[in-house]
Amino acid sequence: MSRQRNLKSASKLASDHAAPGAEKDDSSSKVKGLGDQEFIKSFYILLSVVVVLIVGLLIFTVTRVQFANPFTVTTKATIKSKESLITEEELLKHDGSHPNIPIYLSILGRIYDVDKGRQHYEVGSGYNVFAGRDSTPSFVTGVFSREQATDDVKGLSPEEMLGIKEWLDFYRKDYTYIGKLIGRYYDNGGNPTEALKEAKALIKEGQRLKKLQEAENKRFPGCNSRWSVEEGSTVWCSQNSAGINRDWVGVPRRMFKPGKKDPKCVCVKTTGPSSDTGEGNEGDLNNPNMQQYPACNKYDVSCKLQD
Ligand code: HEM
């Protein structure tokens, strides 16, 4: 029934519009014009709705954040706008004494946001010496008092500087980089100072020494050792002593090194050419820095030490 009604009204519509040529064309172009206008009107309405929505969302976000934490937003915005060059005074605001200000620290003049590890750095915690300032040497000296700490690495050894580099790598990996601290390590323009260049040179030296040390540890791995009331001290060699896996065992020797007061027990190869000269067939037994333990024979793999 409703289908019939539809057919009827459809044929009526058709007869209404079945007027001769010109009239017909005129009315159809009117309809087309009206359609275009409708479309443009709808498009503008839709566009206005979208714009209003976006503006509303922006206003909502900004006001919500500001009401929730006005101090943090202001501080973060301030720092961002400063092109990541920060003064000591600004950095000090981030010393962990205000719950709403993120904690920053500086190491060799590079500033990191350590707020996610707040429990380590806030006031009263063990590592507060680093918060809101540069206390680079404290990473290796263990000076944890804010009064005594300094940012000057002068006097640190290459090995200690390497320790600082490792901490720097830790912060690079685990925390967000904020910028450079204007002061000892970066000038007003953010350029590295002489102090930073010297520090970097020492780090390089530390890396070189570490490589040498690793090579020496392979050549002369440390001994195993044990002590008991009954037996006293014993040192011995094995294929993995000191964590150096190798295809030889070696014999224990006291190694003396220039600048080192106490000798160290190392395992020395007994066969093949010397690793120094590439000659002979007694390994490194004749190395001048090595001394046989008094109570042990030349080829003993295990040695009881005399107390
Ligand atoms: C010069 C000596 C030391 C320095 C400079 C130092 C520095 C630090 C720093 C900066 C952190 C925070 C790391 C982070 O942001 O996640 C930390 C964490 C920690 N440190 Fe030390 N530390 C030293 C010695 C020690 C010693 C001797 C011990 C233990 C006997 C120790 C135990 C810990 C522990 C348990 C944590 C927390 C680790 C975690 O929760 O993830 N630290 N240390």
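Residues numbered from 1 in each chain as written. Predicted model: local features only at pLDDT ≥ 70, side-chain atom pairs only at ≥ 80, totals over all residues.

Q: Is there a simple way to think about the nonpolar core in this case?
A: Note that soluble globular proteins tend to have their nonpolar side chains buried in a common cluster. Counting residues in each nonpolar core, the largest one holds 29 residues, and the members touching the most others are Tyr104, Leu105, Ile111, Tyr112, Met161 and Leu181. At the level of elements, strand 2 (104-107), strand 3 (110-113), helix 7 (158-174), strand 4 (176-181) and helix 8 (194-219) are the ones that each hand at least two residues to this core. Looking at this core, the element that brings in the most residues is helix 7, giving four residues. When residues no more than four places from it in sequence are discounted, the contact partners of Leu105 are Tyr112, Val114, Tyr121, Phe130 and Ala131. Counting twelve residues, the second-largest nonpolar core is a separate cluster that includes Cys223, Trp236, Met255 and Val268. (Core = buried A, V, L, I, M, F, W, Y, C linked by C-beta atoms within 7 Å. Buried ≥ 20, exposed ≤ 12 C-beta atoms within 10 Å, placed from the backbone. Helix = DSSP H or I, 4+ residues; strand = E, 2+ residues; numbered from the N terminus. Contact = placed C-beta atoms within 7 Å.)

Q: Would you mind going over the site of the ligand with me for this structure?
A: The immediate surroundings of the ligand are formed by Val114, Gly117, His120, Tyr127, Phe139 and Gly142. Tallied by class, residues from the shell around the ligand come to three nonpolar, three polar and no charged. (Near = placed C-beta within 6 Å. Nonpolar A, V, L, I, M, F, W, Y, C, P; charged D, E, K, R; others polar.)

Q: Please clarify how the sheet that holds strand 10 (residues 302-304) should be interpreted in this entry.
A: In sheet architecture, strand pairing relies on hydrogen bonds along the backbone and comes in two forms, parallel and antiparallel. Sheet architecture is open: three strands sit in the order 5-6-10, paired in antiparallel fashion. Each of the sheet's edge strands pairs with one partner strand only, and the pair in question is strand 5 (224-228) and strand 10. Across the sheet, the mean angle separating the axes of adjacent strands is 20° when strand polarity is ignored. Bridge count for strand 6 (residues 232-236) against strand 10 is three bridges, and the pairing is antiparallel. Residue pairing in the sheet places Val235 in a bridge with Cys303 of strand 10. (Pairing = 2+ DSSP bridges. Axes fitted to C-alpha atoms, helices over the stretch in contact; angles between N-to-C directions.)

Q: I tried to follow the sheet that holds strand 9 (residues 290-291) on my own but got confused; where do I start?
A: Read from one edge of the open sheet, three strands run 8-7-9, paired in antiparallel fashion. Looking at which strands have only one partner, the edges of the open sheet turn out to be strand 8 (264-268) and strand 9.

Q: Looking at this structure, how should I read helix 8?
A: Given 3.6 residues per turn, any residue in an α-helix points the same way as the ones three and four places further on. Under the 1.5 Å per step criterion, the end-to-end length of helix 8 is 38 Å for 26 residues, consistent within 8% with the ideal 38 Å. Along helix 8, the residues that are buried comprise Ala199, Leu202, Ile203 and Gly206. For helix 8, the secondary structure elements touched by its buried residues are helix 7. (Expected span 1.5 Å × (residues − 1).)

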